[in-house]
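Examination of the molecular architecture
This is what each chain is made of:
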Protein chains: 2
Amino acid sequence: MVDFQWIGKPVPRKDALIKATGSAKFTNDISLPNMLHGRILRSPYPHARLRNIDTDKARRLQGVKAVITAHDTPGEKYGVFPDSRDQYLLAMEKVRYIGDEVAAVAAIDEEIAQEALDLIEVDYEPLAPVFDPLEALKEGAPVIHEHASNNVSSEVLIEFGDIEKGFMNSSCIVEERFEVDGLSHCQLEPYTSLASYDRSSRKLSMWMPHQSPFTKQKGLSNTLKIPLENVRVLKSYIGGAFGGRSEVSPSDFCAALLSIQCGRPVRINYSREETFSVTRQKHPWLISIKVGSNEKGKLMAAKVRIIADGGAYLSTGPIAISVAHSNWESLYIVPNVSYKAVRAYTNNPIRGAMKGHGIQQLFFAFESMLDMLAERVGIDPLEIRIRNIVKEGAILNSGSRVTSCGVKDSLVKTSEASNFKEKWKKQSGNKGVGIACGSNISGFNMGFRSGSTAFLKFNEEGAATLFTGTTDNGQGNDNMMVQVAAEELGLTIDDITLISADTELTPIDPGSYSMSSTFVSANAVKASASHARKQLLELAAEELEANVLDLELKDKRVYVKGSPNIGIPIKKLIVKAYRKGEPVSGFGHFRPDINYKWDWTKKGRQQGQVTGAYTYGTAVAEVEVDLYTGEVKVLKVTTAQDCGFAINPQAVEGQIEGSVGFAVGQALSETLMMDNGQVMNANFIDYRIPVASDIPDIDSIIVESNDPNGPYGAKEAAEAVHPATIAAIANAIANATGVRPKALPITPEKMLKLLREKEAMDTENP
Amino acid sequence: MVDFQWIGKPVPRKDALIKATGSAKFTNDISLPNMLHGRILRSPYPHARLRNIDTDKARRLQGVKAVITAHDTPGEKYGVFPDSRDQYLLAMEKVRYIGDEVAAVAAIDEEIAQEALDLIEVDYEPLAPVFDPLEALKEGAPVIHEHASNNVSSEVLIEFGDIEKGFMNSSCIVEERFEVDGLSHCQLEPYTSLASYDRSSRKLSMWMPHQSPFTKQKGLSNTLKIPLENVRVLKSYIGGAFGGRSEVSPSDFCAALLSIQCGRPVRINYSREETFSVTRQKHPWLISIKVGSNEKGKLMAAKVRIIADGGAYLSTGPIAISVAHSNWESLYIVPNVSYKAVRAYTNNPIRGAMKGHGIQQLFFAFESMLDMLAERVGIDPLEIRIRNIVKEGAILNSGSRVTSCGVKDSLVKTSEASNFKEKWKKQSGNKGVGIACGSNISGFNMGFRSGSTAFLKFNEEGAATLFTGTTDNGQGNDNMMVQVAAEELGLTIDDITLISADTELTPIDPGSYSMSSTFVSANAVKASASHARKQLLELAAEELEANVLDLELKDKRVYVKGSPNIGIPIKKLIVKAYRKGEPVSGFGHFRPDINYKWDWTKKGRQQGQVTGAYTYGTAVAEVEVDLYTGEVKVLKVTTAQDCGFAINPQAVEGQIEGSVGFAVGQALSETLMMDNGQVMNANFIDYRIPVASDIPDIDSIIVESNDPNGPYGAKEAAEAVHPATIAAIANAIANATGVRPKALPITPEKMLKLLREKEAMDTENP
């Protein structure tokens, strides 16, 4: 075991103080001289033709500096996928959901901007809307986009083996339908965009909460037709992302276009209501699933059919309906698979990326099915999982290799720690226990941006500045990068100044997407620090007349192993290198070996490595169901996450606890209540995220499978337990009550209905 | 001849537009949220004991947020030389000149800050002052600093050969006394310091006009006792430096200390009067000089004695009195030398570094002597110079090697272009022509900071971001760096974004000191770009199946020489490298081979290489003297500057014109008028810098000696003609009138006095 100084330790967050004292600057805290305030006019109709927009009165209002409509935009569509862009910067001809952007205003304060919006006269011709995806897919349904007369926004079919034969060879088959509601990310920081366009240099600077400054930069450059190098996205603190800050937002465009028009900075702050209604949401899914196994519970075949409600535009829809398969195949071996998903356009708000994308939906369904199958086969839920899980070294259906796998460890450790076997089916009336697994990836194929580069420079006192493009959305990435650099360089974390997430200053990086920060970005930081470390050791070897291999780098000194008195401070080596004219600097990059080509449009079997490393987790949930109110209380969750290696165990535990919190809310209470395209609960009173008293006791177990390619063996750190916990809660409810929830969230109303149905059935068929 | 795209061309300045339109942000244009305004209380006495400071009333004034005195400082002295610091951050016990900093205030606006200063009650006990350096050096003079009872602030003696023998072997000896007044830099931007201290991170950010962010950072860290990495000096546009922005300024400390005390940003703007009176000034010199030659005008010996009025503190005094020798020895071969300079403390304002340091003073004297000697020997001024000038490859008295030398070229070209020989002594009554030479260095020994590092990264469109620590004071360094990078990379200057002069973001660099930017910093930029260029060529060679040597990099493409159709865009290579996981980046450094050890305190002969490259220049000035008013009009100046190679001829010509402008002012009108320690002309009405109508026709000839170590052969670009022009004007006046000016500036009053004395002498001795 290597004697680490900074990694593997619960190092407190460097940003803790400034966040706790309120001095961390989030986008909304940044005020620029002469800054204007922007607001966006939104469609009140779910579907309508835009006949005319009259902005004259708004323009004449004192204090209004600019009003823009579609005519002030470059006029092209934008979207995540270059070949299927379907959304105008501001609505052109039609609006497609309640909240669609129609115009925007910049004024000297927010009140005047709002007043100006009220003065804009829009002539709408309402069109027949469609909100139910099943209705939308029927012939004769209102057509939302010209290019998709059937309202299919995207579709995917993935097949392996022979599904018919698979079921023929199955002695045991279960088939069910599941339903999962739409969700909001509920980041505590509402969305905000600040744009500052400098007319002389023709450069646009932007601040906003984001998951990668580089993808924002590229999106802005493409849509605004500004050369990439003239768009700079800078760092600000970010109050949560959870997948919801990956795409370019209309407020980004609007702030930019208004700033370009006025030559003054413009900030647009979304209200909480806007943050709920017009940013991206999680896709509601209908899942029909059929699973077959042999008599020993060995999985033989699985057929999955999904209909997803995509809302008004494409967004990341193709990924949302595909990525679940990649995770699922990495967890259980199923030789014969048919997975088909259709995403419908509707006149609901736009559904895009959210923590887990489609994973929770599929895993909720599949992990429920596993329990049902186990019961049919006559084995317990732990056993059926152990019989089917993937093992290290496995080659998956996609062709991906599993380089490290701690799923068995996590199953064993959580079931032991929670006494799962004893508790399962042996608890008093309304208490139950459930187990489920999850998996995730550590970065995926983002083309040339799949890799990360990092750079390090030193000052004459031996302190370093580290440049990395990665973003910290609140999860602690910044601290991780500093820990890694300090470890490699024998410095303290206070000796490392971090410059991050700035398109101008920092080298390219995939961003905080798809769980790549640890595996990809921290690996690049490690490489850059190792590069500098090597130089320091060589300089010291010369100075101390020692062999590089006999030297150690620690406590800001290089010294001879075993003879700590024979050494030299790092700052002396740095200055020595300066004098030689060969300054110590660190330059390093890392690109995972992934080559899986996502093919969103064509049907077929993609082959290739999906991710640098898969991660695994298990959750055991213990619940108590109030049989009279239908209320479910999660008493305890025992989780184990295989994160490869915990660079910061405190941060990993924090992330696990966050995932469990998300899971509790998504399992039991969170839902976007819709009424004819209108979000009815766009606030934290009616949209019920869990509060402190809803959070169960959490036992977080860290499983370290030491991935051969991760930095110190590390990979993604807490996402696998998120779907696992949701499914474990559902399984625990079934265990407690004998009724199986098939729709998320499992609200008291739904639970009560299930219990009453069961009661009626039991009475009818005693 | 290489076919350059960007270098060697008159590329317009990228900052021209924003400077012309007023949108370039100088320090005074930067407003931070919650910013306070600071003012400094200054001593009205030239010399006094500080008995008490009562700040109570000031503190109680509404709107005042902080008041600081010496007790709020770390209490140690600061100064350029670690072993002879003589100035407190705020006056402690004594004040030593009119303007000495006593206290500082931060308030919500400048008026309240000024009102608060008026409320501070200071109890002074006036002490006898001394203003004349000759008086100050006498026994019994008032002692200004305890550590220097003789008021000698520094002293230098440099001797080579045998001075006595040298004069014994001289057939012709001239001896004279010269006098040069104190000067102000007259930067158009008054000094301003903006400090923003962040209490949570304990980091101090500062903006100010400076010549190097790194020396400011180091000075602030040392004096304020803040770890180096917690002091960040950022870039702002700079409205001229001319050597006057090299040291840490009391307003830097005061703004920082006030910001630390308030936890709010504090900006201190100096008034024009303060900029004249309390920033550094050019040393007034008294020079006694004796020069001997053989009968052919070959120089045999030179004895130089200098007394410099250093004012109240040491500042860069030791350099000011030494560096002139280094330049002088690089221009003319004098085998036997005795050079001694004494710098006195007086109760005048502080004298420090200014464009040329002591060079103009010495060259004015020596170039005048050369003309006198030529007359005595019976040769013309051109001839005596040609007989004594240094040649390429020469090893100087100091041991320095002259790697390139265009002085003969510059003498020949200017004299030919101006018809010097015909005009000299052959013009009508009151017109005259004079010739003189100058030399300068291209960077000098700044210890470990003598070298520069640069770094380059690319975005996916093939555009680059260049990181360099060097500063642009207005001379065009930023443009030069961009030109060099564009040239090496086959990109356009618009493809290069420059990040410069920021201690946090940019690698170490000597700064814009001692003419090092072209020779040192641009060399580092070239090295970093070449590093990236090599990678691009290798990638292209692979792609085009060609040999690297057969490839050309131009117009954003790499193509086969002679077959421009066979090529590949750079952006494709950049993306290819990203995909390979080995991104193209540039990393390079340059450190000139200089090892001369300046020894400011000990007498003796220092040996070693003084600079990376010497530069040379010649000026021929044509003047007309109004015999009735004494007014001198400079009609034309023909200059030639050996800049090695003109990276941007337009910029070089601009710099030459700037040097000529300086020279005209310093020769004829500029002087700091002092009265008992008080600057009497601290404004642009009474301190007469040349206006447009004072500027002569300027013929700028660029001599390219192609230094073997300079970037593309380049070195310092316009400083050599500055002292040359001053001396040429003086020589032209002597040529026109027959009287020799021996005191600068040659005001109408002084000229008239000389003419009247001559008239009287001529009348007495017909």
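These remarks concern the structure in this document.

Moving on, we come to the side chain of Thr611 of chain A. Residues and elements named next belong to chain A. Along the chain, Thr611 turns up in the loop between β25 (585–590) and β26 (614–625). Engagement of the side chain of Thr611 in a polar contact is seen with the backbone nitrogen of Ser442, the distance being 2.9 Å. For Thr611, the side chain forms a polar contact with the main-chain oxygen of Gly443, separated by 2.5 Å.

Below, the discussion takes up the pairing of strand β7 (residues 101–107) of chain A. Residue and element names in this part refer to chain A. Among the seven residues of β7, seven are classified as buried, and the element is accordingly described as predominantly covered. In terms of strand pairing, strand β1 (residues 36–42) meets β7 through six bridges, oriented antiparallel. Looking across to β7, one finds that Leu41 is bridged to Ala103. Here strand β3 (residues 64–68) pairs with β7 via four bridges, running antiparallel. Bridged to Ala66 within β7 is Ala106.

Listed as interface residues are 45 residues of chain A and, on the opposing side, 45 residues of chain B. For the pair chain A and chain B, the summed buried surface comes to about 3,800 Å²; carbon and sulfur atoms form 59% of the total. Where chain A meets chain B, there are six salt bridges. A salt bridge links Glu460 of chain A to Lys218 of chain B; the nearest nitrogen and oxygen atoms lie 3.6 Å apart. Taken together, the links from chain A to chain B amount to 21 residue pairs in polar contact (both at pLDDT 80 or more). Elements represented by at least two residues in the side of chain A that touches chain B include exactly α1 (16–20), β19 (452–458), β20 (464–468), β21 (496–500), α16 (570–580) and β25 of chain A. Looking at which element gives the most residues to the side of chain A that touches chain B, the answer is α16 of chain A, with four residues. Across the side of chain A that touches chain B, the residue classes break down as 16 nonpolar, 15 polar and 14 charged.

This part is about helix α3 (residues 110–119) of chain A. Residues and elements named next belong to chain A. Of all the positions in α3, only Ile112, Ala113, Ala116 and Leu117 are classed as buried. The arc enclosing the buried residues of α3, seen along the axis, measures out at 145 degrees, which places them on a common side. Exposed side of α3, more than 90 degrees from the buried face: Glu111 and Asp118 are the residues found there. Of the surrounding secondary structure, the elements contacted by the buried residues of α3 are β1, α2 (56–60), β3 and β7.

Right, let's talk about the relation of the copies chain A and chain B for a bit. Two chain copies, one operation linking them: a rotation about an axis together with a shift along it. Overlay of chain A on chain B (RMSD 0.1 Å): rotation 179 degrees, translation along the axis 0.0 Å. Put plainly, the chains are arranged around a two-fold axis. A symmetric contact is evident, with 98% of the interface residues of chain A recurring at the interface of chain B.

The subject of this paragraph is the environment of Asn327 of chain B. Residues and elements named next belong to chain B. Secondary-structure assignment places Asn327 in helix α9 (residues 317–329). In the structure, Asn327 is positioned 35 residues away from Leu362 in sequence and 9.7 Å away in space, judged by C-alpha atoms. Not counting residues up to four positions away in its chain, the partners in contact with Asn327 are Ile359, Phe363, Ser439, Asn440 and Ile441.

What follows concerns the sheet that holds strand β16 (residues 285–293) of chain B. All names here are of chain B. Taken together, the six strands give an open sheet; going across it, the order is β9-β18-β17-β16-β10-β33, and neighbouring strands pair in mixed fashion. Only two strands of the sheet have a single neighbouring strand rather than two, namely β9 (152–160) and β33 (743–744). Inspection of the sheet shows β16 paired to strand β17 (residues 299–309) by nine bridges, in the antiparallel sense. Its bridge partner being in β17, Val291 is matched across the sheet by Ala302.

What counts as what
- Residue positions are given per chain, counting from 1 as you read along its sequence in written order.
- Labels follow written order: the first chain is A, the first ligand is 1, and so on.
- pLDDT decides what is reported in this predicted model: residues at 70 or higher carry local features, side-chain atom pairs at 80 or more are listed and counted, and totals for whole chains, interfaces and linings draw on all residues regardless.
- Calculated side-chain values reflect all of the structure's heavy atoms, with hydrogen atoms and water omitted.
- A run of DSSP states H or I qualifies as a helix once it reaches four residues; a run of E qualifies as a strand once it reaches two. Both are numbered from the N-terminal end.
- Any pair of nitrogen or oxygen atoms within 3.5 Å is treated as a polar contact; in protein, a donor-acceptor pairing is required on top of that, and neighbouring residues in sequence qualify only through side-chain atoms on both sides.
- In this scheme, a residue with accessible area under 20% of its type's maximum is buried, one over 50% is exposed, and one in between is partly exposed, where area comes from a 1.4 Å probe on protein chains only.
- Pairing between two strands requires that DSSP report at least two bridges joining them.
- When checking whether two residues touch, look at their non-hydrogen atoms; a contact exists if any pair is within 4.5 Å.
- Here the buried area means the combined drop in accessible surface, using a 1.4 Å probe, for two parts upon being joined, counting both sides.
- What counts as a salt bridge is simple: a side-chain nitrogen of Lys or Arg found within 4 Å of a carboxyl oxygen of Asp or Glu.
- Side-chain classes are defined by residue name, with Ala, Val, Leu, Ile, Met, Phe, Trp, Tyr, Cys and Pro counting as nonpolar, Asp, Glu, Lys and Arg as charged, and the others, Gly among them, as polar.
- Directions drawn from the helix axis to the C-beta atoms are what define this arc.
- Copies are brought into register by a least-squares superposition over C-alpha atoms of residues with pLDDT of at least 70 in both.

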